[in-house]
Amino acid sequence: MTQGPLTTEAGAPVADNQNSETAGVGGPVLVQDQLLLEKLAHFNRERIPERVVHARGAGAYGTFTVTADVTQYTRARFLSEVGKETEVFLRFSTVAGNLGAPDAVRDPRGFALKFYTEEGNYDLVGNNTPVFFIRDAIKFPDFIHTQKRDPYTGSQEADNVFDFWGLSPESTHQVTWLFGDRGIPASYRHMDGFGSHTFQWNNEAGEVFWVKYHFKTDQGIKNLTAEEAEVLAGKDPDSHQRDLRESIERGDFPSWTVYVQVMPAAEAATYRFNPFDLTKVWPHADYPLIEFGKLELNRNPENIFAEVEQSIFSPAHFVPGIGPSPDKMLQGRLFGYGDAHRYRVGINADQLPVNRPHATEARTHSRDGYLYDGRHKGAKNYEPNSFGGPTETGRPLWQPIAVTGVTGETVTPVHTEDNDFVQAGNLYRLMTEEEKERLVKNLANAISGVTRDEIAARAINNFRQADEDFGKRLEAAVQALRG
């Protein structure tokens, strides 16, 4: 069935899309061939800057369904009753690779979830790990520089990677996780997701709770060994994206059971370690998992560029009843993500179809700029006004928290059991003997590429402080590889 004539971007019908206009047969091309110039100019601009991190990704739409009552903790309307469904869009990604990198690599996976709620979009921008390498956003650019290409060699360098990790002992927990079995998921469907940060929930009475999100895969955890990943990355660089798309196409909809850990706000100050430290988990024995939802992905994007590449997620996109915490890494991300989107996609990126609210309407006084669609028509663009424009509600989305002291560059507050190595050691000791062997082998293979002995020794020492056996076995494995 024909869709009508081919047209220019302005809608004029195209007479010939096979041949450029020339000055006679075989002559030079004419500048007046506006179809040719339009097509070439558009082609040159078809790509926007890729994400600095999380450039390689895949996404899908789905639904989030409330399965348990959590109204005693939050007044968020999309969580207000059991059985309530909210449309979502989820983007998975690797962190360090560029847009053309393979999927099957050792790297954390982004788990960025957009809830299209009736009170606005809520973005939960997490990973497939419950912790991260650093606890303060001021170190994030430095960290990412070590993971990306060296400015001189143009390649990722083991010296840079382990120099930074060795000098940043708080990274030991996440590095132990990354080089263990879960460092290379078999697919996006076969991994867990985490909000990672601590967030605030507040209820109708104004009570505050600190929470952590967990998404447990219903497909079961499946991982790749380093050897399996090396083969797969070469044979099928798109393995994870293909698996996600094809599973949804055949009706095998991936799903996750969603849990939350809840800490009453009053307990944070005296908890045994800083509950806002992104390099640590909350033990489930202290704060058990509470099931409250089901996430299902059931619809593929129709256009990858429009819906996956142009999708944006920001930890600053909250809704009433949910807010930030004093987590210093989260505080930096509240600015960093929005700023990245404004540079990469444009100031009106929030109003692209994949990003704009689906269950309500954005009502702002912002105007103009790239991608502006004129949706405000002739409405006044200031507030307050007496022409019926949108007005403030007077009720903040989250509850204020008390702060004291003087301004300045401060370290993270110290609690009784704050330590950069304890949880890494606990993770190591939870592993089976076979898991420990693979962890040590993976780390040794990576560290053996370091050219400076002091960098390798410092990196190994961090794991020795986590667990003496861990460090001893790693040192022996590295020495064997380095001769």
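Predicted model, so just to flag it, every value in this text is computed and none were measured.

Draft legend 1. The arrangement of the environment of Pro254 in detail. Within the element layout of this structure, Pro254 appears in the loop between helix H6 (239-249) and strand S8 (255-264). Judged by its relative accessible area of 1%, Pro254 is buried. Residues Pro254 and His190, 64 residues apart in the sequence, show an inter-C-alpha distance of 8.7 Å. In this structure Pro254 touches Arg189, Gln219, Leu244, Ser247, Ile248, Leu295, Glu296 and Leu297, once residues within four positions along its chain are discounted.

Draft legend 2. Local environment of unusual backbone geometry. Between Glu383 and the following residue, Pro384, the backbone shows a cis peptide bond with an omega angle of 5°. With a phi angle near 65°, Asp368 is a residue other than glycine that sits in the positive phi range. Position of Asp368 relative to the elements: it lies in the loop between helix H8 (328-344) and helix H9 (422-430). Even without glycine at this site, Lys377 takes up a positive phi of about 55°. Looking at the element boundaries, Lys377 is found in the loop between H8 and H9.

Draft legend 3. Local environment of the packing of aromatic side chains. The full count for this structure, using the stated rule, is 37 aromatic pairs. Ring pairs connect the aromatic residues Phe64, Phe78, Phe115, Tyr122, Phe199, Trp201, Tyr213, Phe292, Phe318 and Trp398, which therefore count as one cluster. Over the ring of Tyr61 we find Arg299; its NZ or CZ atom is 4.0 Å from the centre of that ring.

Draft legend 4. Broad picture of the nonpolar core. Ranked by internal contacts, the top residues of the largest apolar core, which has 38 residues, are Trp201 and Tyr213. Core analysis: the second largest hydrophobic core is formed by 35 residues, Phe132, Val175, Ile447 and Phe463 among them.

Draft legend 5. Molecular detail of the pairing of strand S4 (residues 120-127). Among the eight residues of S4, eight are classified as buried, and the element is accordingly described as predominantly covered. For strand S3 (residues 109-117) and S4, the ladder comprises eight bridges, and the chain directions are antiparallel. Note on S4: the bridge partner recorded for Leu113 is Leu124. Counted along the chain from S3 to the antiparallel partner S4, the turn is two residues long.

Calculation notes
Residues numbered from 1 in each chain as written. Predicted model: local features only at pLDDT ≥ 70, side-chain atom pairs only at ≥ 80, totals over all residues. Heavy atoms only, no water. Helix = DSSP H or I, 4+ residues; strand = E, 2+ residues; numbered from the N terminus. Buried < 20%, exposed > 50% of the residue type's maximum accessible area, 1.4 Å probe, protein only. Contact = heavy atoms within 4.5 Å. Phe/Tyr/Trp six-rings, centres within 6.5 Å; stacked < 30°, edge-to-face > 60°. Lys NZ or Arg CZ within 6 Å of the ring centre and 35° of its normal. Core = buried A, V, L, I, M, F, W, Y, C linked by side-chain atoms within 4.5 Å. Pairing = 2+ DSSP bridges.

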